[in-house]
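So the chains spell out like this:
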Amino acid sequence: MAYPNGYNYSWTEQDIQQLVDNAAQQPHTCAWVVGNACCGLPVFRHMFPTHLRDYHGITGSDRTQFQCRWVGCGAVMNKESINRHVMEMHLQTRHTCPFCRENFSRRHTLNSHIRSKHYTQ
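The present account deals with the structure reproduced in this document. (Residues numbered from 1 in each chain as written. Predicted model: local features only at pLDDT ≥ 70, side-chain atom pairs only at ≥ 80, totals over all residues. Heavy atoms only, no water.)

Regarding the overall build of the protein chain
Counting its secondary structure elements, the protein chain contains four helices and eight strands. Helices (α) and strands (β) of the protein chain occur, in sequence order from the N terminus, as α-β-β-β-β-α-β-β-α-β-β-α. Burial analysis of the protein chain (121 residues in total) assigns 27% to the buried set. Sequence separation of at least 24 residues holds for 26% of the intrachain contacts in the protein chain that already meet a minimum separation of 6. Of the roughly 8200 Å² of accessible surface on the protein chain, a fraction of 52% belongs to carbon and sulfur atoms. (Helix = DSSP H or I, 4+ residues; strand = E, 2+ residues; numbered from the N terminus. Buried < 20%, exposed > 50% of the residue type's maximum accessible area, 1.4 Å probe, protein only. Contact = heavy atoms within 4.5 Å. Areas by Shrake-Rupley, 256 points an atom, 1.4 Å probe, with all protein chains shown as cover.)

Written as C-alpha cells, this is what we have:
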C-alpha cells in the first residue's frame, strides 16, 4: 500500500525483529591497531563500515587488498570482504531466525534458511 509520505508501513516479523535487535545492541569497542595502540572508540555494529572507512582508511576499489589490523588477526583480504570479516569474526555478529531462533553469521544464510525451512510448499 502506498502512503502519501512515501513510508512503508508493511512490516514483516523479520523487520520487527531486526528493529528490536538494533535497539537492544550496545556499542563495541574498536580493537583496530593504530600505531602501537588499539583504536578504543565505541562503535555500534551497523556503523563499523563507516568507522573503518573514516578512521582507519579502508577505502578504494572492492579488490584493494587490506590486512585486518584487529588485535591478534592480520588476515589479508579484499576491501569488499573486510567489513563482513570484522562483523563475523571479531564482533561475533549473528542473525537470528524469527521462526526457530537459530543463529547465522551471514544474513543471506539466514534468508536461505527461512526460504528452505519455513516457507516450503
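Don't stop here, the text continues.
A few points about unusual backbone geometry
Positive phi outside glycine occurs at R101, with the angle close to 70°. As for its placement among the helices and strands, R101 is situated in the loop between strand 7 (95–96) and strand 8 (103–104).

Some details on the pattern of salt bridges
Here the structure, examined in full by the defined rule, presents five salt bridges. For E88, the salt bridge is made with R84, and the minimal N-O distance between the two is 3.9 Å. Of this pair, E88 and R84 both sit in helix 3 (residues 79–90), four residues apart, which is roughly one turn of the helix. Residue E88 is classed as buried on the basis of its relative accessible area, which comes to 11%. In this structure, E88 and R106 form a salt bridge, with 2.9 Å as the shortest nitrogen-oxygen distance. Of this pair, E88 sits in helix 3 while R106 sits in the loop between strand 8 and helix 4 (107–118), and the two are 18 residues apart along the sequence. By relative accessible area, which is 30% here, R106 ends up partly exposed. Bridged by salt links that share partners, the residues R84, E88 and R106 form one connected network. (Salt bridge = Lys/Arg side-chain N within 4 Å of Asp/Glu carboxyl O.)

Focus on the layout of surface pockets
In this approach the atoms are scanned with a rolling probe the size of a water molecule, which exposes any empty space left behind. Computed from the structure, the largest pocket encloses a volume of approximately 400 Å³. Lining of the largest pocket is provided by 22 residues; of these, Q18, R45, T93, H95 and R107 occupy positions nearest its centre. With five residues, helix 1 (residues 13–24) is the single largest residue contributor to the lining of the largest pocket. Grouping the amino acids of the lining of the largest pocket by side-chain chemistry returns three nonpolar, eleven polar and eight charged. Two domains share the lining of the largest pocket, each providing at least three of its residues, namely domain 1 (28–90) and domain 2 (94–120). (1 Å grid on protein atoms, 1.4 Å probe; cavity = no way out; pocket = protein on both sides within 12 Å on 5 of 7 lines; lining within 4 Å. Points joined across faces, edges and corners; volume = space filled by probe spheres on them. Nonpolar A, V, L, I, M, F, W, Y, C, P; charged D, E, K, R; others polar. Domains from an automatic or database assignment.)

With respect to the packing of aromatic side chains
Enumeration over the complete set of coordinates arrives at two aromatic pairs. With a centroid separation of 5.9 Å and 55° between ring planes, the pair formed by F48 and W70 is classed as tilted. You can see F48 sitting in helix 2 (residues 48–56) and its partner W70 sitting in the loop between strand 5 (65–67) and strand 6 (76–78), a full 22 residues away along the chain. A relative accessible area of 9% places W70 in the buried class. When the ring of F99 is compared with that of Y119, the centres are 5.8 Å apart and the planes differ by 85°; the resulting orientation is edge-to-face. Here F99, found in the loop between strand 7 and strand 8, pairs with Y119, found in the segment after helix 4; they are 20 residues apart in sequence, far enough to count as distant. Given a relative accessible area of 54%, Y119 falls into the exposed group. (Phe/Tyr/Trp six-rings, centres within 6.5 Å; stacked < 30°, edge-to-face > 60°.)

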